[in-house]
Amino acid sequence: MCLRDLIDGQECELVLVLRAREVRTARDGTRFLRLTLGDRSGTISGVMREGIDQVEDACRPGAVVRVGGVYSRHPRVASPEETDLEALLDGPLHGADQLEADLRELVATVQCPHLRALLDALLGPGSETWEHYRTAPAAKVFHQAYRHGLLEHSLSVAQGVSSMSATFPGIDRDVAVSGALLHDIGKLDAYTNDPLAIDMTALGRLHGEIPLGYYRVRRAIEDLPGFPSRKAAAVLHIILSHHGQLEHGSPVVPCTREATLVHMVDNLGGRLGSFDRIEKELAAGVEWSGFDRALSGSAWFADRVAA
């Protein structure tokens, strides 16, 4: 169960990320904690009034905590009325572990030895890039803006590209999959390292994520002896063109089958992700959203009223 699944008045116990914590004092002089907690489906606010001295030090932003309470929906915010916390100091990233296993399985299907070497250099276990890539968010607000969001997004795009490569003729699957896994790698330099306090870095503001990704991958290619120049050009073109249009930040538009496929799957993932973002913000029983700029219209959720 995730936050999006909760209904008003439901008793719940969840494992969430503590995104923000504020110590407050009530009018009677007692201290309590005001909390902001979240998972990949959204965030909630909560209050802890008892036993805060025992957990205050452990419950810092970024901690993984077990939350139990009664979920109630406020007209403007949804929150558990009372929240009991048990800090999980060794909380593992089970989701990221599975994502990594899926990524390793996909990389193993790349037949070109040069592209395999490139993926190993940038995403291999123990590589300089991997630990950051594994935990980084995919964006600041809308686009999988949470811990290991970049891994989740890049893998989903690469898996979609892999599946569709068999449907359309003339696509170099190895190039397309490699480009999909690396298309957003510039976000490692464009965003701050803390997925719970995501912001643009100075380099992100000055250069942008696409040039930063291009520079990182090009440097890795130059360190690999004998890397074919045409393969290098094809993969780098995917990174440069994956936003699809000049006005959307790509310095070039997609000029190959592989770049076109990566752009389309990447864009599809973002569009479908907008529905997830919109739905979690709707009150219970509401099936139509207001106008959303990302969709250029409203979203309809047919099952919400029946549910």
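Everything discussed here concerns the structure shown above.
1. Quick notes on the pairing of strand 1 (residues 11–25)
As paired elements, strand 1 and strand 2 (residues 31–39) share 8 bridges and run antiparallel to each other. Counterpart to Arg21 in the pairing with strand 2 is Leu35. What sits between the antiparallel neighbours strand 1 and strand 2 is a turn of 5 residues, in which Gly29 has the positive phi angle 95°.

2. Here's the deal with the packing of helix 10 (residues 229–241) against helix 11 (residues 257–281)
Two elements in contact, helix 10 and helix 11, have axes separated by 9 Å at closest approach and are oriented at 35°. As for the relative orientation of helix 10 and helix 11, their crossing is right-handed in sense. Between helix 10 and helix 11, the contacting residues are His237, Ile238 and Ser241 on the first element and Glu258, Ala259, Val262 and His263 on the second. Taken together, the residues of the contact of helix 10 with helix 11 break down into 3 nonpolar, 3 polar and 1 charged.

3. Some points on the pattern of salt bridges
According to the stated counting rule, one finds 7 salt bridges in the structure shown. In this structure, Glu100 and Arg104 form a salt bridge, with 3.5 Å as the shortest nitrogen-oxygen distance. On the criterion of helical spacing, the pair formed by Glu100 and Arg104 is a turn pair, its members being 4 residues apart in helix 2 (residues 94–107). Looking at Glu100, the relative accessible area reads 19%, which means it is buried. Notably, a salt bridge pairs Glu100 with Arg134, separated by 3.3 Å at the nearest N-O pair. Note that Glu100 is positioned in helix 2 and Arg134 in helix 4 (residues 130–135), a separation of 34 residues in sequence. In this pair, the class of Glu100 matches that of Arg134, namely buried. Taken together, the shared-partner salt bridges in this structure form one network comprising Glu100, Arg104 and Arg134.

About the thresholds
- Residues numbered from 1 in each chain as written.
- Predicted model: local features only at pLDDT ≥ 70, side-chain atom pairs only at ≥ 80, totals over all residues.
- Heavy atoms only, no water.
- Pairing = 2+ DSSP bridges.
- Helix = DSSP H or I, 4+ residues; strand = E, 2+ residues; numbered from the N terminus.
- Axes fitted to C-alpha atoms, helices over the stretch in contact; angles between N-to-C directions.
- Left-handed = near helix turned anticlockwise from the far one by under 90°.
- Contact = heavy atoms within 4.5 Å.
- Nonpolar A, V, L, I, M, F, W, Y, C, P; charged D, E, K, R; others polar.
- Salt bridge = Lys/Arg side-chain N within 4 Å of Asp/Glu carboxyl O.
- Buried < 20%, exposed > 50% of the residue type's maximum accessible area, 1.4 Å probe, protein only.

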